[in-house]
Amino acid sequence: MGFKEHVIRVVKQIPQGKVTTYGTVATLAGMPRGGRLVGGILHFCTESNDLPWQRIINREGFISTKCLEHPKQAQKALLASEGIEVSDDFTVDLNKYGWFGEKI
DNA sequence: AAGGTGACTAACA
DNA sequence: ATGTTAGCCACCT
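Here is what the cut-offs are and how they apply
Residues numbered from 1 in each chain as written. Chains lettered and ligands numbered in written order. Predicted model: local features only at pLDDT ≥ 70, side-chain atom pairs only at ≥ 80, totals over all residues. Heavy atoms only, no water. Near = heavy atom within 4 Å. Polar contact = N/O pair within 3.5 Å; in protein donor to acceptor, adjacent residues only side chain to side chain. Helix = DSSP H or I, 4+ residues; strand = E, 2+ residues; numbered from the N terminus. Nonpolar A, V, L, I, M, F, W, Y, C, P; charged D, E, K, R; others polar.

Draft legend 1. Looking closely at the protein's contact with DNA strand B. In the vicinity of DNA strand B lie 18 residues, with Tyr 22, Arg 33, Leu 37, Arg 59 and Lys 66 positioned nearest. Atoms of DNA strand B within 4 Å of the protein belong to the sugar or the phosphate in 52% of instances, the rest to bases. Contact distances for DNA strand B include 2.4 Å between a phosphate oxygen and a backbone N or O atom of Arg 59. Here a base nitrogen of DNA strand B and a side-chain polar atom of His 70 are 3.2 Å apart. At the level of elements, α2 (22-28) and α3 (35-45) are the ones that each hand at least two residues to the surface near DNA strand B. Examining the composition of the surface near DNA strand B, we find that six residues originate from one element, α3, more than from any other. Here the residues of the surface near DNA strand B are counted per class, giving five nonpolar, nine polar and four charged.

Spelled out as structure tokens, the structure:
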């Protein structure tokens, strides 16, 4: 089992209507500086494992997706469908919607 | 098979 | 205070 499984497990624990950061997921998965891996893993395994990739954003609350296959607008729509307000700049208020895994 | 890249973060200068 | 460097592991070429 690699880091991937840990990340998947953590991501699946994110409550609906909340968002978290790559750093948080990496930390909960046991790698404080594995943020990059989180992004990479989500990029490859998001649909294979049915992960809510839209709930993961960078530490600034900004949607970092630069892949055309995972467009920001799609992520924004998904977040909006969960009741999360996303700014026109694709930014989410972490102080309001941020989740830091206190319930794990 | 080996090397490079990646949706990031934190620590150091 | 800001700018730069280092680090993480899995997937792709």
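That was the structure; now back to the text.
Draft legend 2. Inspection of the protein's contact with DNA strand C at higher detail. The immediate surroundings of DNA strand C are formed by Gly 2, Phe 3, Lys 4, Met 31, Arg 33, Arg 36, Leu 37 and Phe 44. Atoms of DNA strand C within 4 Å of the protein: sugar and phosphate make up 58%, bases the balance. Measuring from a phosphate oxygen of DNA strand C, one finds a backbone N or O atom of Phe 3 at 3.3 Å. Measuring from a base oxygen of DNA strand C, one finds a backbone N or O atom of Arg 33 at 2.9 Å. Considering each element in turn, the surface near DNA strand C owes the most residues, three residues, to α3. Across the surface near DNA strand C, the residue classes tally to four nonpolar, one polar and three charged.

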